[in-house]
Amino acid sequence: MALPQDSAPKFQEYAHPEMIVSTEWVAQHLEDPGLVVAESDEDVLLYETGHVPGAVKLDWHTELNDPVARDYVDGAGFARLMSEKGISRDTTLVLYGDKNNWWAAYALWVCSLFGHPDLRLMDGGRAKWIAEGRPLSTDTPKPAPADYPVVDRDDQRIRAFKDQVLAHLGQPMIDVRSPGEYSGELLHMPDYPQEGALRGGHIPGAKSVPWARAAAEDATFRTRAELEAIYQGEAGLSPDDDVVVYCRIGERSSHTWFVLQHLLGFGHVRNYDGSWTEWGNSVRVPITRGTSP
Amino acid sequence: MTTQPVSGAALNPRLQEIVDDFRGVPDKDRLQLLLEFSQDLPPLPERYAGHRDRMEPVPECQTPLFLAVEVEPDETVRLYFDAPAEAPTTRGFAAILHAGLDGLDADEVLATPPEFSSQLGLADLVSPLRLRGMAAMLSRIKRQVIQQRAAPRAAQ
């Protein structure tokens, strides 16, 4: 049975308030049956230094990715992973993590490919939980394996591939990387290629809105009004647009995907997870350099 | 799986001991060992604390890491690392290099096989992408050793 929504007024402004909960809500519901809290961080060891009591760890790199092909786990792999974490199909799964929930949003996006029914982000993530002086635990839970059905991954609704992005040129697109990555001045030494892209710049027509602009100082999401000013005002998007978002490997853009789809209620937002590490290495795809789209 | 580097160069005894420690524990304990290393990274001396401008950034690490290398007149190499507590993996890598190389002489540091990090058995646990950060730290340390030998640092 799904847990109740967080009724905090800030969340009620969002298009899908059921997708977000506060640290306070998590603290109050930690013991509730039907809830699993999962931490997803950039740093693979951060969870081990202390985490929300009872939370399991979900690592984007070693668990959500296929170990061989550049892709995510398949339906069977996802079912196995969820089962190991004690998550069943009707579990309320609350994700949180470091860096403004960057990786937690990525994990949430991957879980969405499998249509897990009740996914939520903990607003403010790990940083806010710690800043509020809430308890951390180094005990690793050993959940009893849960039954999780094998559900096919749906790559149509919220995921975009390179050919689809080529066909999408001229339509709304958001590049969420840093301004330096967007313009193509890669800020690294020649002998140390960063993240392996052969060409710098951005996909023609993509507007630059660095992902972290959606987060406030305390790592929580900005209010609905503030987000509308950025994405609908400055970037000129409209909720009925067909939007593609991308970054380097699709992690930072998952954060923006979450904002557009769930906080602002856009109907069709796809995350291009191939992102710059695919585009910037592809033969004969168009690239724009400089600060203009 | 071989623990010998491809180049055939041997590890110095301290690094070899670290590699043996990592290889000697089951997978599930290897991350714990890395966490313990991260907790043992020595604090910065006063001349570097709060002075990242005096250190070299290592952007290849997912979380910013700063390092400083000093080659003393007798060619002893001193290493200093600065990484935030929220980056235990990066701190762990830095601590391994510190435990394995700090205080050795320049030739010994330069003889470290570049692929040494792949011998720790961490690739599947940590991901090869994350391990690249450690290889980058090692290349930057070596480059600084070479440069400082060629042109000793101005008297400090």
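Procedures and definitions
Residues numbered from 1 in each chain as written. Chains lettered and ligands numbered in written order. Predicted model: local features only at pLDDT ≥ 70, side-chain atom pairs only at ≥ 80, totals over all residues. Heavy atoms only, no water. Phe/Tyr/Trp six-rings, centres within 6.5 Å; stacked < 30°, edge-to-face > 60°. Buried < 20%, exposed > 50% of the residue type's maximum accessible area, 1.4 Å probe, protein only. Helix = DSSP H or I, 4+ residues; strand = E, 2+ residues; numbered from the N terminus. Lys NZ or Arg CZ within 6 Å of the ring centre and 35° of its normal. Expected span 1.5 Å × (residues − 1). Core = buried A, V, L, I, M, F, W, Y, C linked by side-chain atoms within 4.5 Å. Pairing = 2+ DSSP bridges. Contact = heavy atoms within 4.5 Å. Axes fitted to C-alpha atoms, helices over the stretch in contact; angles between N-to-C directions. pLDDT = per-residue confidence, 0-100. Parallel < 35°, antiparallel > 145°, perpendicular 65-115°, else oblique. Nonpolar A, V, L, I, M, F, W, Y, C, P; charged D, E, K, R; others polar. 1 Å grid on protein atoms, 1.4 Å probe; cavity = no way out; pocket = protein on both sides within 12 Å on 5 of 7 lines; lining within 4 Å. Points joined across faces, edges and corners; volume = space filled by probe spheres on them. Salt bridge = Lys/Arg side-chain N within 4 Å of Asp/Glu carboxyl O. Arc of directions from axis to C-beta.

## Some remarks on the packing of aromatic side chains
Residues and elements named next belong to chain A.
Reasoning step 1: Scanning all chains against the criterion turns up 17 aromatic pairs over all chains.
Reasoning step 2: Relative to Y14, the ring of F11 has its centre 6.3 Å away and its plane inclined at 20 degrees; by these criteria the two rings are stacked.
Reasoning step 3: What makes F11 buried here is its relative accessible area of 2%.
Reasoning step 4: When the ring of Y72 is compared with that of Y106, the centres are 6.1 Å apart and the planes differ by 75 degrees; the resulting orientation is edge-to-face. Remark: Y106 occurs in helix α5 (residues 102-113) and Y72 occurs in the loop between α3 (60-64) and α4 (75-84); sequence separation between them is 34 residues.
Reasoning step 5: Ring-pair connections join several aromatic residues into one group, and the members of that group are W60, Y72, W102, W103, Y106, W109 and W211.
Reasoning step 6: Cation over ring: R134 sits above W129, and NZ or CZ is 5.6 Å from the ring centre.

## Some remarks on helix α3 (residues 88-101) of chain B
Residue and element names in this part refer to chain B.
Reasoning step 1: Given a rise of 1.5 Å per residue, 14 residues ought to cover 20 Å, and the 19 Å separating the end C-alpha atoms of α3 matches this to within 8%.
Reasoning step 2: Counted residue by residue, α3 has 13 buried out of 14 residues, so it is predominantly covered.
Reasoning step 3: Looking one or two residues past α3, G103 carries a phi angle of roughly 90 degrees, positive in sign.

## Considerations on the nonpolar core
Reasoning step 1: By size, the foremost hydrophobic cluster in this structure holds 58 residues, and its most contacted members are L93, L95, Y231 and L260 of chain A.
Reasoning step 2: At 11 residues, the largest contribution of residues to this core is made by α5 of chain A.
Reasoning step 3: By size, the runner-up hydrophobic cluster in this structure holds 43 residues, among which are V44 of chain A together with L33, F116 and M134 of chain B.

## What about the sheet that holds strand β9 (residues 242-246) of chain A?
Residues and elements named next belong to chain A.
Reasoning step 1: As summarised here, the arrangement of the 5 strands in space is β6-β10-β9-β7-β8, forming an open sheet in which the pairing is parallel. In this open sheet, the two edge strands, each paired with only one partner strand, are β6 (159-160) and β8 (207-208).
Reasoning step 2: Seen against the sheet, helix α10 (residues 252-263) touches β9 and β10 (268-272) and runs at an angle of roughly 155 degrees to β9.

## Topic: the confidence of the model for chain A
Reasoning step 1: The share of residues in chain A with pLDDT of 70 or more is 96%, and the mean pLDDT across the chain is 94.
Reasoning step 2: Low confidence marks residues 187-193 of chain A, where pLDDT is under 50. Its contacts with residues over four positions away, or in another chain, come to 11 contacts.

## Brief notes about the packing of helix α2 (residues 27-39) of chain B against α3 of chain B
What describes two packed helices is the angle between their axes and the distance between those same axes.
Residue and element names in this part refer to chain B.
Reasoning step 1: Relative to each other, α2 and α3 sit at 75 degrees, their axes nearing to 7 Å. It follows from the interaxial angle that α2 and α3 lie roughly perpendicular. Of α3, the residues touching α2 (which contributes L34, L35, F37 and S38) are P88, T89, R91, G92, F93, A95, I96 and A99.
Reasoning step 2: Residue classes in the contact of α2 with α3 are distributed as 8 nonpolar, 3 polar and 1 charged.

## Brief notes about the layout of surface pockets
Reasoning step 1: A volume near 1,500 Å³ is recorded for the largest pocket.
Reasoning step 2: Every residue lining the largest pocket is counted, 50 residues in all, and those nearest its centre are D59, H61, T62 and E63 of chain A together with L125 of chain B.
Reasoning step 3: Residue assignment for the lining of the largest pocket shows that the elements contributing at least two residues are β3 (56-57), α3 and α4 of chain A together with α2, α5 (123-126) and α6 (128-150) of chain B.
Reasoning step 4: The element that contributes the greatest number of residues to the lining of the largest pocket is α2 of chain B, accounting for 6 residues.
Reasoning step 5: Here the lining of the largest pocket is built from residues that sort into 20 nonpolar, 9 polar and 21 charged.

## Structural notes on empty space enclosed by the protein
Residue and element names in this part refer to chain A.
Reasoning step 1: Under the defined criterion, the tally for this structure stands at 2 cavities of 30 Å³ or more.
Reasoning step 2: Roughly 40 Å³ of internal volume is contained in the second largest cavity.
Reasoning step 3: Around the second largest cavity sit E39, S40, D41, D43, V44, Y47, K57, L58 and D59, which together line it.
Reasoning step 4: When the residues that make up the lining of the second largest cavity are grouped by side-chain class, the tally is 3 nonpolar, 1 polar and 5 charged.

## Here we look at the pattern of salt bridges
Reasoning step 1: Going through the model one piece at a time under the given rule, you end up with 30 salt bridges over all chains.
Reasoning step 2: As a salt-bridge pair, E70 of chain B and R47 of chain B come within 2.9 Å of each other at their nearest N and O atoms. Here E70 of chain B, found in strand β2 (residues 65-71), pairs with R47 of chain B, found in the loop between α2 and β1 (56-58); they are 23 residues apart in sequence, far enough to count as distant.
Reasoning step 3: Residue classification places E70 of chain B among the buried positions, given a relative accessible area of 10%.
Reasoning step 4: Through salt bridges with shared partners, one network takes in D71, R153, D155, R159 and D273 of chain A.

## Notes on the sheet that holds strand β3 (residues 77-82) of chain B
Where strands meet in a sheet, backbone hydrogen bonds hold them as pairs that are either parallel or antiparallel.
Residue and element names in this part refer to chain B.
Reasoning step 1: Spatial ordering of the open sheet is given by β1-β2-β3, a layout of 3 strands whose pairing is antiparallel. The open sheet has two edge strands with one neighbour each: β1 and β3. Adjacent strand axes in the sheet meet at a mean angle of 30 degrees, parallel and antiparallel pairs treated alike.
Reasoning step 2: Of the strands in this sheet, β2 and β3 are in contact with α3, which crosses β3 at around 170 degrees.

## Regarding helix α9 (residues 224-234) of chain A
Residue and element names in this part refer to chain A.
Reasoning step 1: The complete set of buried residues in α9 reads L227, I230 and Y231. Take α9 and look down its axis: the buried residues cluster within an arc of 75 degrees, on one side only. Residues of α9 that are exposed and point more than 90 degrees away from the buried face comprise A225 and E234.
Reasoning step 2: The first or second residue beyond α9 is G236, which carries a positive phi of 70 degrees.

## Some details on the confidence of the model for chain B
All names here are of chain B.
Reasoning step 1: Summing up the model confidence of chain B, the mean pLDDT is 87 and the portion of residues at 70 or higher is 90%.
Reasoning step 2: In the model, residues 1-7 has pLDDT below 50 throughout and makes 9 contacts with residues more than four positions away in sequence or in other chains.
Reasoning step 3: Confidence estimates for the predicted assembly give a pTM of 0.89 and an ipTM of 0.79.

## Focus on the side chain of S40 of chain A
Residue and element names in this part refer to chain A.
Reasoning step 1: Mapped onto the fold, S40 is located in the loop between β2 (35-39) and β3.
Reasoning step 2: Note on S40: relative accessible area 0%, which makes it buried.
Reasoning step 3: Beyond its immediate stretch of four places on either side in the chain, S40 contacts L58, W60, Y96, G97, D98, W103, A104 and A107.

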